[in-house]
There are 2 protein chains.
Amino acid sequence: MKRPTQHVPEMAWNAWGDPAAAQELDAATRQLIVETLGISSAAPARVTEAALALRPSALPGKALTALAEVVGVEHVHTDEPTRLRHTGGKSTPDLLRRRAGEVAEAPDAVLTPAGHDEVQGILDVCAQHGIAVVPFGGGTSVVGGVEPFRGDFPAVISLDLRRLDALLALDEESGTATLEAGLRTPEAEELLGAEGHTLGHFPQSFEFASIGGYAATRSSGQFSAGYGRFDAMVTALKVATPRGTVTLDRGPATAAGPDLRQLFLGSEGVFGVITEVTVRVRRVPESRVEESWAFPTFAAGTAAVRELAQAGGLPTAIRISDETETFINAAIAGGQAPEGCQSVVHFEGSAAQVERRRSEVAEVLERHGARRIASESAQTWRRSRFTAPYLRDSLLDAGVLAETLETVTSWSGLHELRESVTRALTENLPQESGSPVVYCHLSHAYHSGASLYFTVAADATDDPQGRWAVAKRAASDAIAAAGGSITHHHAVGMDHRPWMEAEIGPLGVEVLAAVKRTLDPSGILNPGKLIPEDV
Amino acid sequence: MKRPTQHVPEMAWNAWGDPAAAQELDAATRQLIVETLGISSAAPARVTEAALALRPSALPGKALTALAEVVGVEHVHTDEPTRLRHTGGKSTPDLLRRRAGEVAEAPDAVLTPAGHDEVQGILDVCAQHGIAVVPFGGGTSVVGGVEPFRGDFPAVISLDLRRLDALLALDEESGTATLEAGLRTPEAEELLGAEGHTLGHFPQSFEFASIGGYAATRSSGQFSAGYGRFDAMVTALKVATPRGTVTLDRGPATAAGPDLRQLFLGSEGVFGVITEVTVRVRRVPESRVEESWAFPTFAAGTAAVRELAQAGGLPTAIRISDETETFINAAIAGGQAPEGCQSVVHFEGSAAQVERRRSEVAEVLERHGARRIASESAQTWRRSRFTAPYLRDSLLDAGVLAETLETVTSWSGLHELRESVTRALTENLPQESGSPVVYCHLSHAYHSGASLYFTVAADATDDPQGRWAVAKRAASDAIAAAGGSITHHHAVGMDHRPWMEAEIGPLGVEVLAAVKRTLDPSGILNPGKLIPEDV
């Protein structure tokens, strides 16, 4: 068993990421944005931490005593700063609420157990005392997945898994590692890297998100084409449920009935708390190369990616920005945008593999009209690929409503879906002057389809929360109507729950509810998430 | 919508496959086998069809009338020949029972609906009348998956899906086809081939097995390394359940909760009847090449396959026989066995892809001590890869107890598992003279592990059923004890059900039972399969 030497910093309570890494827009950029987007008013000042009023902890004394017996009294946190930092995730609505001082819904306590058995012990106590439990990994959810919603329970705890941070086993022959769920990706990479391995999972939330969170939300990293989605990496799971422990570990593929791993992957803490995850790992690659390309149109780019995906020839990563995203990315980086649609292509492997794959991919891209451009934009992307959420905070400061959403569908449905989502967002963000900006990229491709990731920037007005609620609903309805999935890698949480019935049908919802009742009969686990009510 | 022009022949009621394709051992081979294996007595004569006594159909008249209203009276079959041909699958115990005339458990009727809506109508009638329903695709199960077991119900029908035989849609852009569940693989390949596509799914049961059966049992074909397991090919499912229809179709990958497709894949008809399957299809490859290699040892072969799998460099198929299988395959083909362990390697793709991949694979195989041998053995394998089950019937005729079983585990557990299963089988098939032969091959490889496929040949004695039951139980216990899965691609059925609790734990079993109760509250669907009782 090994533990990391360095831990990730605590995130800001009212913004993304490490407070020390916050960015500020320079005055000229800010002015340009205000004019371009038609910003109508200055953003309201952020409420300071000192001015907040959390409601007193409602955790009953008997429960507190029982929980302290499980984890030790020093791991039951009822202080306000800790509770505040577990008051939900990092969606734009989350941040808007916190900026406005709406933090009454803080959890009544934060628990930091040390391992599977302590997690199991916490669930036993909470089931007995009727206390809601919200599993908390990196706290990076952008869909309300870690909202400390108590439902009908008198109290709710946030179950912070940060002390489950061990590399429990490394099976080099089988190419798998067993990781505790609370490990953040940089910590996991430190431990695996010391043995010459990597997970290869690099979502935008990389710096803060946790292994258990990836499993519970079916995360997908920027190198998904090369390393696979997180759900595809998992070979075994250990899950604590109010009914006891579930262990699923029978090799890489089996015909022994339904794949129950696939029932816990994406279960978002409503069936149990994932405490240990066995994942496939790869040798740290010998060579890494990034290229920049420009396609004449977004459709040409998607056609090229489709051809590569269907021929089994995808590079480690390939992303294609539409014209608007291409322009804006260049503007942010302070450079000149290429004509058309920019594409970043990333290769990893042995030097020979990388060189061969580069020439094969180049042949396909060129056939679809793409041309190589200076690789600076690829390097910019690589440097800045985890920083976009910091930029969002700066935009919110400038009175901009900025948010993202994403979906996935078949290749044949991709362009219609893109158009209808863009239209839904644009039409539902009317503003006095200027107009909202909506753009997208394709960054995860499969044989039969691909994801689309949309970014929106608009005038926040004096009701950004209400304004985004309308636009988000319209975009989600458009996704459902077009046959796309409500989420490719952000998960469901509270925010996408209303679209789950469209996603899996009423019987599918009943199946989830039946599994929930079996494993969590009193319903203490992560209330209000994933499964629509009234089933 | 398109339908095939040619249908597969009806299988023999008491043997594998097309009666016209039955093989007989020549006298010399038979004598050699008798001596080598120490066969103690001639096999009992097969009971003739005329001598059988099926119990009269117990289908209540009201139910029969209602079912006839759904499918048309000509599609409700209560004649003895049809009922007989739906009396279970094709495991060795199945065949031994039928040879002995033990066919009392025939279904009370066989229904042949025409499409999803008629299947749904049948389930509605059967739920109302309390009649058990056993979905029947190709009838190739070797684990008791289509046994017409009625449980506590007064009657049981076999729901034969052969008339669900349409290619419903081909989405060339997305590389997917929507197939009705009753299509047999040759029929599906005819329909797809006419459009230049292939499914690439070639299990040993290829000639008879059905698309729905593949989905319901998580089948894996001989080219799984190139085309994927069947469960990995599926992008959408339509399922008729006693509670109504479930449709799961939201693109190639999603984070919208647990993947419910993975709950119906492998559900073996206990949750519902899969009626339509959308699968990814590939362009018919330009080039196909087979090679034969010989490894010095089985361990050298598995090490080479492991290296290829972990580097993402597997050919379309690679199988490695152990020394005994190498010897026996050569003997059956009438040739000379190579020294060591034979390996068949198969490549598909464009001519350029195949040539490049061949040289890359050759480099790895040679580094592990393999040498190229004449390709005849690969060609023999290709010609005979669907015929082994016919050989089993000839062996049963010669007084040989012949059967196969399979498992999957991690690379680090592979050799220990192989040894313990071999020991369990050998020790539990004691015989007066000679000794049983147990051998295996590796034919499905993944990043973190691989399958092992065992063949057993022993003296049948006068109680082959009892003898096999003991050996099978010992082998299954050995698999469970070693941490392997009870099945890599044969599924669970009735035969592997006792090991499901070891596989997924008691809570996993409860989860399956809860899903079952939700979708099939009266429990009419495929009683006695998959889910252990008393939960």
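Novice: Whenever I open this one, the overall build of chain A confuses me. Can you help?
Specialist: Of regular secondary structure, chain A possesses 18 helices and 18 strands. Against the compact-globule benchmark of 24 Å for 535 residues, chain A has a radius of gyration of 23 Å, which places it among compact chains. Dimensions of chain A, computed from the C-alpha atoms along their principal axes, are close to 65 × 60 × 45 Å. For chain A, buried positions account for 62% of its 535 residues. Residue pairs in contact within chain A that sit at least 24 positions apart in sequence constitute 78% of those at least 6 positions apart. For chain A, the accessible surface area stands at approximately 18,800 Å², while carbon and sulfur atoms represent 51% of it.

Novice: Would you explain the relation of the copies chain B and chain A in this entry?
Specialist: For the pair of chain copies, the relating operation is a rotation around an axis with a shift along it. You can overlay chain B on chain A at an RMSD of 0.0 Å; the transform is a turn of 180° with a shift of 0.0 Å along its axis. Both copies are brought into coincidence by an operation consistent with a two-fold rotation axis. Comparing interface residues between copies, 99% of those in chain B also lie at the interface in chain A; the contact surface is shared.

Novice: Explain the sheet that holds strand β16 (residues 400-410) of chain B here, please?
Specialist: Each strand in a sheet pairs with its neighbour through backbone hydrogen bonds, running either in the same direction (parallel) or in the opposite one (antiparallel). All names here are of chain B. Strand order in the open sheet formed by seven strands is β15-β12-β14-β13-β17-β18-β16, and the pairing between neighbours is antiparallel. Every interior strand has two partners, whereas the edge strands, β15 (371-373) and β16, have only one. Pairs of neighbouring strands in the sheet enclose a mean axial angle of 25°, with direction left out of account. As defined by bridge partners, strand β13 (residues 317-321) adjoins strand β14 (residues 341-349) across four bridges and the pair is classed as antiparallel. The residue bridging I318 from the neighbouring strand is V345, located in β14.

Novice: For this particular structure, what's the right way to read the nonpolar core?
Specialist: Nonpolar side chains in soluble globular proteins generally cluster together in the buried interior. Counting residues in hydrophobic clusters, the biggest one holds 110 residues, and the most contacted among them are F230(A) and F230(B). Here F230(B) is in contact with L199(B), H201(B), I211(B), Y214(B), A215(B), S219(B), V277(B) and V279(B), once residues within four sequence places are set aside.

Novice: Help me understand the interface of chain B and chain A in this model?
Specialist: How big an interface is tends to be reported as the loss of accessible area on association of its parts. Contacts between chain B and chain A engage 82 residues on the former and 81 residues on the latter. When the two sides are added together, the surface that chain B and chain A hide from each other amounts to roughly 5,600 Å², 59% of it contributed by carbon and sulfur. Here chain B and chain A share four salt bridges between them. Inspection of the region where chain B meets chain A yields 37 residue pairs in polar contact (both at pLDDT 80 or more). For the side of chain B that touches chain A, the element with the highest residue contribution is helix α18 (residues 500-519) of chain B, accounting for 13 residues. Of the residues contributing to the side of chain B that touches chain A, the split by class is 32 nonpolar, 32 polar and 18 charged.

Novice: Where do I start with the sheet that holds strand β9 (residues 244-248) of chain A in this structure?
Specialist: Residue and element names in this part refer to chain A. Pairing in this open sheet of five strands is antiparallel, and the strands run β5-β6-β10-β8-β9 from one edge to the other. Lying at the two open borders of the sheet, with one neighbouring strand each, are β5 (167-171) and β9. Pairs of neighbouring strands in the sheet enclose a mean axial angle of 10°, with direction left out of account.

What counts, and where the lines are drawn
- Residues numbered from 1 in each chain as written.
- Chains lettered and ligands numbered in written order.
- Predicted model: local features only at pLDDT ≥ 70, side-chain atom pairs only at ≥ 80, totals over all residues.
- Heavy atoms only, no water.
- Helix = DSSP H or I, 4+ residues; strand = E, 2+ residues; numbered from the N terminus.
- Rg over C-alpha atoms; globule rule 2.2 N^0.38 Å.
- Buried < 20%, exposed > 50% of the residue type's maximum accessible area, 1.4 Å probe, protein only.
- Contact = heavy atoms within 4.5 Å.
- Areas by Shrake-Rupley, 256 points an atom, 1.4 Å probe, with all protein chains shown as cover.
- Least-squares fit on C-alpha atoms with pLDDT ≥ 70 in both.
- Pairing = 2+ DSSP bridges.
- Axes fitted to C-alpha atoms, helices over the stretch in contact; angles between N-to-C directions.
- Core = buried A, V, L, I, M, F, W, Y, C linked by side-chain atoms within 4.5 Å.
- Buried area = accessible area lost by both parts, 1.4 Å probe.
- Salt bridge = Lys/Arg side-chain N within 4 Å of Asp/Glu carboxyl O.
- Polar contact = N/O pair within 3.5 Å; in protein donor to acceptor, adjacent residues only side chain to side chain.
- Nonpolar A, V, L, I, M, F, W, Y, C, P; charged D, E, K, R; others polar.

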